[in-house]
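Okay, here's what each chain looks like letter by letter:
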Amino acid sequence: EVQLVESGGGLVQPGGSLRLSCVASGFTFSNADMIWVRQAPGKELVWVSSINTGGTSTYYSDSVKGRFTISRDNAKNTLYLEMNSLKTEDTAVYYCATVTARYGLGTPPFEYNYWGQGTQVTVSS
């Protein structure tokens, strides 16, 4: 059974940090390009960050560049997103997904292959 399980979300005040995890199973994780996307209340799903199979190339949307860091541990079948200097506008449900990039991992849109159920991040004072 293919599964992607996100965790690590929660409530944090502005300026704080969180580290999200995505544990994969049921497929060859080391062969999969991965992305993080998010959906804020009342808004569309938007791309956040991408990483290639070996973790040697990373990409970020303008809104999170310099604050978030994507990484992966293929031995643990796990994808991470370290979020620092969090802002209220980062409040959203965060999802991980495996993708096929049409124009490159830094350029949406992507073809989604598998995705998880998401984890809630709330940034509020």
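The model shown is predicted, which means the values in this text are computed figures rather than measured ones.

1. Regarding the sheet that holds strand S3 (residues 18-25)
- Read from one edge of the open sheet, 4 strands run S1-S3-S8-S7, paired in antiparallel fashion. Looking along the sheet, the strands with just one partner apiece sit at the ends: strand S1 (3-7) and strand S7 (68-73). Averaged over all neighbouring strand pairs, the angle between strand axes comes to 15°, with direction disregarded.
- Sheet analysis places S7 next to strand S8 (residues 78-83), joined by 6 bridges and oriented antiparallel.

2. Here we look at the state of the cysteines
- For the structure shown, the criterion picks out 1 disulfide.
- With its sulfur 1.9 Å from that of its partner, Cys22 forms a disulfide with Cys96. Judged by the sign of its S-S torsion, about 60°, the bond between Cys22 and Cys96 is right-handed. With Cys22 in strand S3 and Cys96 in strand S9 (residues 92-101), the pair connects residues that are 74 residues apart, well separated along the chain.

3. A short note on the side chain of Glu6
- Relative to the elements of secondary structure, Glu6 occurs in strand S1.
- Despite being buried, Glu6 has no salt bridge partner; Arg38 is the closest side chain of opposite charge, sitting 14 Å away.
- Reaching out from Glu6, the side chain makes a polar contact with the backbone nitrogen of Gly118 at a distance of 2.8 Å.
- Excluding anything up to four places from it in sequence, Glu6 contacts Ser21, Cys22, Trp36, Tyr94, Tyr95, Cys96, Gly116, Gln117, Gly118 and Thr119.

4. Quick look at the pairing of S9
- Relative to S9, strand S4 (residues 33-39) is paired through 7 bridges, and the arrangement is antiparallel. Across the sheet, Val37 pairs through a bridge with Tyr95, a residue of S9.
- Pairing of S9 with strand S11 (residues 119-123) involves 3 bridges; the strand directions are antiparallel. Its bridge partner lying in S11, Val93 is registered against Gln120.
- Bridge count between S9 and strand S10 (residues 110-115): 5 bridges; the pairing is antiparallel.

5. Things to note about the pairing of S3
- In this sheet, S3 lies alongside S1 in antiparallel orientation, the contact comprising 5 bridges. Within S3, the residue paired with Val5 across the bridge is Val23.
- Relative to S8, S3 runs antiparallel, the two sharing 6 bridges. Each bridged residue has a counterpart across the sheet, and for Val23 the counterpart in S8 is Thr78.

6. Quick notes on the nonpolar core
- Met34, Trp36, Phe68, Leu79, Leu81, Met83 and Tyr94 are the most contacted members of the largest nonpolar core, which totals 27 residues.
- Counting residues per element, this core draws most heavily on S3, at 4 residues.
- Here Leu79 is in contact with Leu20, Ser21, Cys22, Phe29, Met34, Ile35, Trp36, Ile51, Ile70, Ser71, Arg72 and Cys96, once residues within four sequence places are set aside.
- Within the second largest apolar cluster, 7 residues are counted, among which are Ile35, Val37, Val99 and Phe110.

Rules used in this analysis
Residues numbered from 1 in each chain as written. Predicted model: local features only at pLDDT ≥ 70, side-chain atom pairs only at ≥ 80, totals over all residues. Heavy atoms only, no water. Pairing = 2+ DSSP bridges. Helix = DSSP H or I, 4+ residues; strand = E, 2+ residues; numbered from the N terminus. Axes fitted to C-alpha atoms, helices over the stretch in contact; angles between N-to-C directions. Disulfide = S-S within 2.5 Å. Buried < 20%, exposed > 50% of the residue type's maximum accessible area, 1.4 Å probe, protein only. Lys, Arg positive; Asp, Glu negative; His and termini not counted. Salt bridge = Lys/Arg side-chain N within 4 Å of Asp/Glu carboxyl O. Polar contact = N/O pair within 3.5 Å; in protein donor to acceptor, adjacent residues only side chain to side chain. Contact = heavy atoms within 4.5 Å. Core = buried A, V, L, I, M, F, W, Y, C linked by side-chain atoms within 4.5 Å.

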